[in-house]
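Letter by letter, the chains look like this.
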Amino acid sequence: MLELDNLVSNVHTGLMEALPHWAALTIEYILIGVLMLALYCVLALILIFLERKICARFQCRLGPNRVGPWGSLQLIADMVKILLKEIVKISKSDKILFFTALFLALIGSLCTFGALQFGKGLAGIDFNVGIFYVLAISSLGVVGILLAGWSSNNKYTLIGAMRSGAQLISYELSAGLSILTMMILAGSLNISDIINGQAHSWYIFQAPLPALVAFIIYLIAGHAETNRGPFDLPEAESELTAGYHTEYSGIQYGMFYLAEYLNMFIIAGIATTVFLGGWQPFQINADWAAGFNGVMSYIPSYIWFFGKAFMLVLLSLWVRWTFPRLRIDQLLHLEWKILMPISLVNMLVMAVWVVLFF
Amino acid sequence: MIQYIKDILSGIKNLLLGMKITMINFIRKPITECYPENRGVKVYSPRFRGELIMPHNANNEHKCTGCGICQMNCPNGTITVKTKQVEIGDGKTKKVLDQYLYDLGSCTFCGLCTMGCPQKAIVWSNNFEHSVYRREKLVNQLNREGSKQEEKKPVTPPTVEKKVEAPKAEETKDVNPNNQ
Ligand code: SF4
Ligand code: SF4
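K.L.:
When you look at the overall build of chain A in this model, what are you seeing that I'm missing?
P.N.:
If you tally the helices and strands in chain A, you get 15 helices and 2 strands. Along the first, second and third principal axes, the C-alpha atoms of chain A reach 65 × 55 × 45 Å. Buried residues in chain A amount to 49% of all 358 residues. For chain A, the share of sequence-separated contacts (at least 6 apart) that also reach a separation of at least 24 residues comes to 79%. With 19 positive and 21 negative side-chain charges, chain A shows a spacing of 13 Å between the two charge centroids.

K.L.:
So what exactly am I meant to see when it comes to the interface of chain A and chain B here?
P.N.:
Note on interface size: it is often stated as the accessible area lost on association of the parts. Facing the 18 residues of chain A at the interface are 19 residues of chain B. When chain A packs against chain B, the two sides together hide about 1,500 Å² of surface, and 70% of this comes from carbon and sulfur. Among the residues chain A hides against chain B, the three largest losses belong to Arg57, Cys60 and Trp318 of chain A. Together they make up 38% of the total. One can count 1 salt bridge joining chain A with chain B. Where arginine 66 of chain A meets glutamate 37 of chain B, a salt bridge forms, and the shortest distance between an N and an O atom there is 3.2 Å. At the boundary of chain A and chain B, one finds 9 residue pairs in polar contact (both at pLDDT 80 or more). Mapped by element, the contributors of at least two residues to the side of chain A that touches chain B are helix H2 (21–58), helix H14 (301–320) and helix H15 (328–357) of chain A. At 4 residues, H15 of chain A tops the list of elements feeding residues into the side of chain A that touches chain B. Residue classes in the side of chain A that touches chain B are distributed as 12 nonpolar, 2 polar and 4 charged.

K.L.:
Would you take a moment to explain the sheet that holds strand S6 (residues 139–141) of chain B for this structure?
P.N.:
One key point about sheets: their strands pair by backbone hydrogen bonds, in either a parallel or an antiparallel sense. All names here are of chain B. Here 3 strands make up an open sheet; going across it, the order is S3-S4-S6 and the pairing antiparallel. The outermost strands of the open sheet, each flanked by one partner alone, are strand S3 (79–87) and S6. Between one strand axis and the next, the sheet turns by 30 degrees as a mean value, whatever way the strands run. Bridging between S3 and strand S4 (residues 93–103) involves 9 bridges; their strand directions are antiparallel. The residue bridging threonine 80 from the neighbouring strand is leucine 101, located in S4.

K.L.:
Please explain helix H10 (residues 208–225) of chain A as it appears in this structure.
P.N.:
Along an α-helix, residues three or four positions apart point the same way, because every turn accommodates 3.6 residues. Residue and element names in this part refer to chain A. For H10, with 18 residues, the first-to-last C-alpha span of 25 Å sits near the 26 Å given by 1.5 Å per residue. Among the residues of H10, those classed as buried are Pro210, Ala211, Ala214, Phe215, Ile217, Tyr218, Leu219, Ala221, Gly222, His223, Ala224 and Glu225. Those residues of H10 hidden inside the fold are in contact with helix H5 (130–138), helix H7 (155–186), helix H9 (203–206), helix H12 (250–275), H14 and H15. Of the residues trailing H10, asparagine 227 is marked for its positive phi of about 60 degrees.

Calculation rules
- Residues numbered from 1 in each chain as written.
- Chains lettered and ligands numbered in written order.
- Predicted model: local features only at pLDDT ≥ 70, side-chain atom pairs only at ≥ 80, totals over all residues.
- Heavy atoms only, no water.
- Helix = DSSP H or I, 4+ residues; strand = E, 2+ residues; numbered from the N terminus.
- Buried < 20%, exposed > 50% of the residue type's maximum accessible area, 1.4 Å probe, protein only.
- Contact = heavy atoms within 4.5 Å.
- Lys, Arg positive; Asp, Glu negative; His and termini not counted.
- Charge placed at Lys NZ, Arg CZ, Asp CG, Glu CD.
- Buried area = accessible area lost by both parts, 1.4 Å probe.
- Salt bridge = Lys/Arg side-chain N within 4 Å of Asp/Glu carboxyl O.
- Polar contact = N/O pair within 3.5 Å; in protein donor to acceptor, adjacent residues only side chain to side chain.
- Nonpolar A, V, L, I, M, F, W, Y, C, P; charged D, E, K, R; others polar.
- Pairing = 2+ DSSP bridges.
- Axes fitted to C-alpha atoms, helices over the stretch in contact; angles between N-to-C directions.
- Expected span 1.5 Å × (residues − 1).

Quick look at the structure:
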């Protein structure tokens, strides 16, 4: 009814009929690229606005409320401001790496973003190792961060980048292991298959115990990978001014900022896809619930996806504005001595579960 | 091993406790006041020190005797009490307040002036919208034009001038019946 998959396939067949194959494909690629970029920016604006409003509520404040209704135009004003700011050139920095770094950070998050499925038939790319691709490409961001810290030729940025590297490499393990746990259940790395496997019941309900543990571990590890909240050592403003992006200004800083917020959404999106059924509506796998299932299916799939993802984003904001920052040794302790052993055991539990119940 | 699990469980418990507290704050009403909108609506605490004023009654009378205690109390030299001598008949003169100058620019709102005033002639008002364009405008005269001191039956007649002349015995005689 309100689904967009018909529209998408109509556009596709229309283009294919009207134009030669290569021209139709080129147009489609460009169209998808532009749409993705637009969605990326719009989501970033929404997320930043949401963060400011919600952080304000956690501190009993109102947040931005002067520009536009409820301060909703504040972000537009900020964006214009950041676009107009001067880009400071650092004389002793490694110019090429300095400029490449932020694109690497942005490309990493953009490529991951492109692999998400936003709704029924709304996938930019769908291939057999989707989840593997997502995990791999999302690690590209750390290269950007390391390069940014190194090329700025500044001790704060270097320390921030090193911390970020240590943190990301460690937490990548837990994130990967918890996703792997779910892959045992899903039996596929293809994102479409994973989502279709949850049509009747989300994975988190299919194997409640190990899936829940994996879910929580993934949320913690994913949160750490976004360099936010209690894990924001790489930019710990009280010790490192701004960590790896100290020397960036204007739109360059804006890009890092954009990537940070979008990474938050991407983590929520992946968690939604793998644990909460992606764009599948909430269904109760029983005969008596047919009416309820019908009502749930009536809600468009992209609303389901964004609804779930934003709920997870809210959770991440809640965590971010609650806990104090960890020390670097505590951070590594949490990963190597707590999260990783639990993930490994959890994987075993999941394997046994799958053997016993499926 | 048991200690390890115990640590993890207590850690989770404490984290959840922290999250509960922030959630309580989240659903609480924000304490932010939207200032220009709530102008005239918002009620301030009576103890809020906005600026110094000298209340006048309906007959344009204030309570200040011009004693100058507030001027001496003020650590910043914010207050200047200018007095003048007026004839009150019988060839006697009396010191009354001429100008009470208050420089808002140097006041730290410490409250020593109002605390020390024996007549409670100066009080704090809630008005905090002080901004003016020139520094000179910060100096205000607190007593109104043509105002005079409020007559006070028991306390005012023996002013500083009279105290010196009046015999000591008379004063104690006046006070004693009240005390007994
Ligand atoms: S509040 Fe303090 S600084 Fe201000 S006038 Fe009174 S004594 Fe002086
Ligand atoms: S305001 Fe009070 S303390 Fe100051 S001169 Fe008048 S009576 Fe004395």
